[in-house]
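# Report on the structure
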Protein chains: 2
Amino acid sequence: MISKKTKYAINALVYLAKKPLQQPILISEIAEHEHIPQKFLEAILLNLKKDGILASKKGKGGGYFLLKSPNDVNMADVMRLFDGPIALLPCVTYKYYQKCEECTDEDSCGIRSVFLEVRNHTVELLKKATLAEIIKRGESVH
Amino acid sequence: MISKKTKYAINALVYLAKKPLQQPILISEIAEHEHIPQKFLEAILLNLKKDGILASKKGKGGGYFLLKSPNDVNMADVMRLFDGPIALLPCVTYKYYQKCEECTDEDSCGIRSVFLEVRNHTVELLKKATLAEIIKRGESVH
DNA sequence: TATTAGTCTATTAATTCAATAGACTTTGTA
DNA sequence: TACAAAGTCTATTGAATTAATAGACTAATA
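Definitions and cut-offs
- Residues numbered from 1 in each chain as written.
- Chains lettered and ligands numbered in written order.
- Predicted model: local features only at pLDDT ≥ 70, side-chain atom pairs only at ≥ 80, totals over all residues.
- Heavy atoms only, no water.
- Domains from an automatic or database assignment.
- Contact = heavy atoms within 4.5 Å.
- Buried area = accessible area lost by both parts, 1.4 Å probe.
- Salt bridge = Lys/Arg side-chain N within 4 Å of Asp/Glu carboxyl O.
- Polar contact = N/O pair within 3.5 Å; in protein donor to acceptor, adjacent residues only side chain to side chain.
- Least-squares fit on C-alpha atoms with pLDDT ≥ 70 in both.
- Buried < 20%, exposed > 50% of the residue type's maximum accessible area, 1.4 Å probe, protein only.
- Helix = DSSP H or I, 4+ residues; strand = E, 2+ residues; numbered from the N terminus.
- Arc of directions from axis to C-beta.
- Near = heavy atom within 4 Å.
- Nonpolar A, V, L, I, M, F, W, Y, C, P; charged D, E, K, R; others polar.
- Pairing = 2+ DSSP bridges.
- Axes fitted to C-alpha atoms, helices over the stretch in contact; angles between N-to-C directions.
- Parallel < 35°, antiparallel > 145°, perpendicular 65-115°, else oblique.
- Left-handed = near helix turned anticlockwise from the far one by under 90°.
- Phe/Tyr/Trp six-rings, centres within 6.5 Å; stacked < 30°, edge-to-face > 60°.

### Focus: the domain arrangement of chain A
All names here are of chain A. Domain parsing of chain A yields domain 1 (4-66) and domain 2 (70-140). Once you take the C-alpha centre of each, domain 1 and domain 2 turn out to be 25 Å apart. Across the contact, 14 residues belong to domain 1 and 11 residues belong to domain 2. Interface of domain 1 and domain 2: buried area, both sides summed, is about 1100 Å²; carbon and sulfur atoms make up 88% of it. A per-residue breakdown of the area domain 1 buries against domain 2 is headed by Thr6, Ile10 and Val14, which together make up 36% of the total. Summed over the shared surface of domain 1 and domain 2, the number is 0 salt bridges. On the surface where domain 1 and domain 2 come into contact, there are 1 residue pair in polar contact (both at pLDDT 80 or more).

Given below as structure tokens:
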């Protein structure tokens, strides 16, 4: 299961992606519309800003808006930002790799082989799942 | 990431699946060989027994052994037993379903659509990953 | 210059995960 | 038949992570 943080982040991003380009949206508006505790959301949006996905404007008339194109923001990146690795085992992650204590030879580990396959498929699907794709699916499916 | 409990369970199961049929193996032997805290392992094996995957024999000469065929024990079942749902969102699980508060229509939710796809692919792969398959992969890959 | 709105740091509450302790029951065998 | 081996069961504890909150600070606009 993804954390609430990630879930909130995705909801907020989709919400922003549906708004006109560069138009600052109040944190409070997002929080209310998406049922997210405002203070919690503030931290999330700040993370997304640090990562270059969002930008913000301070003061009156300020708020957050999408900096990257909806085509360039995918679920794999968002999940990694908040929850860390997508892989189910430490020995099949790229950035957070950790060897199994009891493992003598990874290349001949059947368990690793299975979970590597799962990871690769999952990452592939999540990379394709951009904000643009999510919005498109929401419109087309009925 | 799967929990250590699940990881330990898988390691123990693979270990047992490599042993002769019906031969009771000591908890202590598994614990030592797989680097698992013995008391922790006891609880895990008990769960696997309650679920009908393992059987045990008490007293001297006792221990645990595989009850189901290695072909009938898959990673999806084991993961669900210890970690719960495989899905990444509560609204795409079968047994642990929970509606999203802010969601008005699931069928038109692009987010749900993406994560449903991920879940289905993952479950499919994990169902194919039986103990027999894992052992086979461990032998063939070099 | 007052008000609005994002920024930052710290703290707390709640939950889950991992591990441990110890008493109890069953069973084989000397 | 008594002892020792080995699994069973319940409870508890400690650690880590997740979720949420509080409040002071900074920047920008009218």
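### Some points on the relation of the copies chain B and chain A
If you rotate chain B by 180° and push it 0.0 Å along the axis, it lands on chain A with an RMSD of 0.1 Å. Considering both components of the superposition, the chain copies are consistent with a two-fold axis. An overlap of 100% is found between the interface residues of chain B and their copies at the interface of chain A, pointing to a shared contact surface.

### Structural notes on helix 2 (residues 27-34) of chain B
Looking only at helix 2 of chain B, the buried set comprises Ile27(B), Ile30(B), Ala31(B) and Glu34(B). With its buried residues spanning 100° around the axis, helix 2 of chain B presents them on a single face.

### A closer look at the protein's contact with DNA strand D
Close to DNA strand D lie 27 residues; Lys39(A), Leu46(B), Lys49(B), Gly63(B) and Tyr64(B) are nearest. The share of sugar and phosphate among atoms of DNA strand D within 4 Å of the protein is 74%. Between a phosphate oxygen of DNA strand D and a side-chain N or O atom of Tyr8(A), the distance comes to 3.3 Å. Note that a phosphate oxygen of DNA strand D is positioned 3.4 Å from one of the backbone N or O atoms of Ile27(B). Listed by contribution, the elements that provide at least two residues to the surface near DNA strand D are helix 1 (4-17) and helix 3 (38-50) of chain A together with helix 3 (38-50), strand 1 (54-57) and strand 2 (63-66) of chain B. In terms of residue count, the dominant contributor to the surface near DNA strand D is helix 3 of chain B (4 residues). Residues belonging to the surface near DNA strand D are distributed by class as follows: 8 nonpolar, 7 polar and 12 charged.

### Quick notes on the pairing of strand 1 of chain B
Consecutive side chains of a regular strand alternate in pointing toward one face of the sheet and then the other. Residues and elements named next belong to chain B. Strand direction decides the pairing type here: strand 1 and strand 2, joined by 4 bridges, are antiparallel. Each residue of the ladder has a partner; that of Lys57, found in strand 2, is Gly63. Between the antiparallel neighbours strand 1 and strand 2 lie 5 residues, among them Gly59 with a positive phi of about 70°.

### Some thoughts on the packing of helix 1 of chain A against helix 2 (residues 27-34) of chain A
Residue and element names in this part refer to chain A. At a minimum axis distance of 10 Å, the contact between helix 1 and helix 2 shows a crossing angle of 115°. As judged from the angle between their axes, helix 1 and helix 2 are roughly perpendicular. Seen along the crossing, helix 1 lies across helix 2 with a hand that is right-handed. Counted together, Asn11, Ala12, Tyr15 and Leu16 of helix 1 and Glu29, Ile30, His33 and Glu34 of helix 2 form the full contact between these two elements. Class assignment of the residues belonging to the contact of helix 1 with helix 2 gives a composition of 4 nonpolar, 2 polar and 2 charged.

### Remarks on the packing of aromatic side chains
All names here are of chain A. Using the criterion set out here, one finds 2 aromatic pairs over all chains in the structure. Plain terms: the ring middles of Tyr8 and Phe40 are 5.7 Å apart, the flat faces sit at 90° to each other, and that makes the pair edge-to-face. Separated by 32 residues along the polypeptide, Tyr8 in helix 1 and Phe40 in helix 3 bring together distant segments of the chain. Residue classification places Tyr8 among the buried positions, given a relative accessible area of 13%.

### Let's talk about the side chain of Asn11(A)
Structurally, Asn11(A) is set in helix 1. Asn11(A) gets classed as buried once you look at its relative accessible area, which sits at 8%. Ignoring sequence-local partners within four residues, the contact set of Asn11(A) consists of Glu34(A), Glu102(B) and Ile111(B).

### Things to note about the protein's contact with DNA strand C
Near DNA strand C you find 25 residues, and of these Leu46(A), Lys49(A), Gly63(A), Tyr64(A) and Lys39(B) are the closest. Looking at DNA strand C alone, sugar and phosphate atoms form 72% of those within 4 Å of the protein. In the environment of DNA strand C, a phosphate oxygen lies 2.5 Å from a nitrogen or oxygen atom belonging to the side chain of Lys49(A). In this structure, a phosphate oxygen belonging to DNA strand C sits 3.0 Å away from a side-chain N or O atom of Ser56(A). Contributions of two or more residues to the surface near DNA strand C are made by helix 3, strand 1 (54-57) and strand 2 (63-66) of chain A together with helix 1 (4-17) and helix 3 of chain B. When residues in the surface near DNA strand C are grouped by element, the largest group, 4 residues, is from helix 3 of chain A. Per-class residue counts for the surface near DNA strand C are 8 nonpolar, 5 polar and 12 charged.

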